[in-house]
Amino acid sequence: MQPRRTGPVSIPSSALRRLRDDRLAAVADKITNGERLGAREAQACLETHDLAGLGSLALAVRSALYGTRAFYVANLHLNYTNVCGNRCAFCAFHRDAGAPDAYTLTPEEAARTVRESPVPGLCEVHVVGGCHPELPFEYYTALLRALKAQRPGLGLKAFTAVEVQHMADRAGLTVAQCLRELKAAGLSAMPGGGAEIFSLRLHRDLFPSKIDGDRWLSIHGEAHALGIRSNATMLFGHRETVQERARHLLRLRDQQDRTGGFQAFIALPFHPENTPMAHLPGPSGVEILKTIATARLVLDNVPHIKAYWVMLGLKLTQVALSFGADDLEGTIVRERIAHQAGARTAPGLSLEELAHLVREAGFEPVRRDTYHREVAEAEEAA
Ligand code: V47
């Protein structure tokens, strides 16, 4: 798999003239010369007070790649269990085993959600859950097989690196063995969750029971070597510094240079409600837009930058399309992780609502599949 590189991008001279930050002018020079941004430039983007200037650079790169197209998928999010022993400080979703509202779906119950999905032409299921202390490895393969049996063409974007490490540890298998078995059972791609923030300091303080950044990256590398594509995320707007955010993006870019299988990056703004960090405010709209725009400029080898409407809200999602994002994730149907932590968006959106959001923001809606291939509406409904 060849990493995709953004070549030199021409930036409208009117936009260049309007830049109000010298450090952004240096970023613009690099982009127009087709040079990579380094840590210094990444930080300059994240720190700039020239929001419009940064947005114009990210929009120029986004437009060079995709014109006015904006992508989304007819999908549903399925959280097979909320039982998890990790107790991460940013998470409002997990429950201890035996808690009154703890749940674990059987593969048959999971398959029913696909059968009863309200989304016409459902194309993908995004499957993630907690690190359940007791589920056997056979549960995960049975889950994938049960979903696939509902619709053989369904893309299954399933199991974060954190879950894969957990199932490998419990089953006494290597991660590569697990991934091979999961692929044989129908796994199409891996979601980007669980990366959190690549910082040893914050790993120790906020999510010490979970794999760290090195391990997260190496599991994605192993998946890529097996031909399994994946996504990448960054959880931001809690206790991380701007340097840590910049470093996270650069480490993802380095990994992509080595193994090339990341399809999309998703910046996840921290939602504080019902978490042990509920005293924090979460990132502002400006912080969110700067982070998305910076990701577009730094991650020159990751094809897609998602504006995850669930966590951004619909209004900021529309704006994010002009700040470097080119993808809206999908219909989702019933989101739980962000909603448990205070997200105020609807649990899901219809295909028509997504298309409307995109059009109203001045872009052209394009449906895609799990591999980011364009899908004709008639094909999808088949
Ligand atoms: O892994 C948990 C994060 C992730 C909170 O790959 C939180 O296509 C904000 O990864 N505030 C789940 N974030 C979401 C995710 C995702 C979503 C959409 C598409 C894809 C993809 C991936 O959300 C978790 C964790 O990193 N998270 N709690 C919170 N309170």
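Residues numbered from 1 in each chain as written. Predicted model: local features only at pLDDT ≥ 70, side-chain atom pairs only at ≥ 80, totals over all residues. Heavy atoms only, no water.

What follows is about the site of the ligand. By nearness alone, 23 residues border the ligand, and K157, G192, E196, H271 and K306 come closest of all. Within the backbone of F90, a nitrogen or oxygen atom sits 2.8 Å from a nitrogen atom of the ligand. Considering the ligand on its own, with 610 Å² of exposed area, one finds that the protein chains cover 95% of that surface. Looking at the shell around the ligand residue by residue, the class counts come to eleven nonpolar, eight polar and four charged. (Near = heavy atom within 4 Å. Polar contact = N/O pair within 3.5 Å; in protein donor to acceptor, adjacent residues only side chain to side chain. Areas by Shrake-Rupley, 256 points an atom, 1.4 Å probe, with all protein chains shown as cover. Nonpolar A, V, L, I, M, F, W, Y, C, P; charged D, E, K, R; others polar.)

Okay, the domain arrangement of the protein chain next. Each assigned domain of the protein chain is listed with its residue range as follows: domain 1 (13–66) and domain 2 (70–377). Centre-to-centre, using C-alpha coordinates, domain 1 lies 28 Å away from domain 2. Contacts between domain 1 and domain 2 engage 22 residues on the former and 29 residues on the latter. Summed over both sides, the interface between domain 1 and domain 2 buries roughly 2200 Å², with carbon and sulfur atoms accounting for 69% of that surface. Taken together, the links from domain 1 to domain 2 amount to two salt bridges. The interface formed by domain 1 and domain 2 includes nine residue pairs in polar contact (both at pLDDT 80 or more). Of all the secondary structure elements, the ones that give two or more residues to the side of domain 1 that touches domain 2 are α2 (22–32), α3 (39–47) and α4 (51–66). No other element matches the ten residues that α4 contributes to the side of domain 1 that touches domain 2. In terms of residue class, the side of domain 1 that touches domain 2 is built from 15 nonpolar, four polar and three charged. (Domains from an automatic or database assignment. Contact = heavy atoms within 4.5 Å. Buried area = accessible area lost by both parts, 1.4 Å probe. Salt bridge = Lys/Arg side-chain N within 4 Å of Asp/Glu carboxyl O. Helix = DSSP H or I, 4+ residues; strand = E, 2+ residues; numbered from the N terminus.)

Take the side chain of S117 next. Within the element layout of this structure, S117 appears in the loop between α5 (107–115) and β3 (124–128). Excluding anything up to four places from it in sequence, S117 contacts L76 and L122.

F159, W216, F265 and L297 are the most contacted members of the largest nonpolar core, which has 127 residues in total. Here this core gathers at least three residues from each of two domains, domain 1 (13–66) and domain 2 (70–377). Aside from chain neighbours lying at most four places away, what touches L297 is V27, I31, L37, C45, L54, L57, A58 and V61. (Core = buried A, V, L, I, M, F, W, Y, C linked by side-chain atoms within 4.5 Å. Buried < 20%, exposed > 50% of the residue type's maximum accessible area, 1.4 Å probe, protein only.)

In this section: α4. In a regular helix each residue adds 1.5 Å, so 16 residues correspond to 22 Å; α4 covers 22 Å between its end C-alpha atoms and thus fits that length. Restricting attention to buried positions, one finds in α4 the residues G53, L54, G55, L57, A58, A60, V61, R62, L65 and Y66. The secondary structure elements touched by the buried residues of α4 are α2, α3, β1 (69–73), α12 (285–298) and β8 (304–306). Where α4 ends, the next residue or the one after it, G67, has phi of about 60°, a positive value. (Expected span 1.5 Å × (residues − 1).)

Looking now at the pairing of β1. Of all five residues that make up β1, four are buried, and the element is covered over most of its length. Two elements, β1 and strand β10 (residues 364–367), share four bridges in a ladder whose sense is parallel. Among the inter-strand pairings, R69 is bridged to a residue of β10, identified as E364. Relative to strand β9 (residues 327–330), β1 is paired through two bridges, and the arrangement is parallel. For F71, the partnering residue across the bridge sits in β9 and is D327. (Pairing = 2+ DSSP bridges.)

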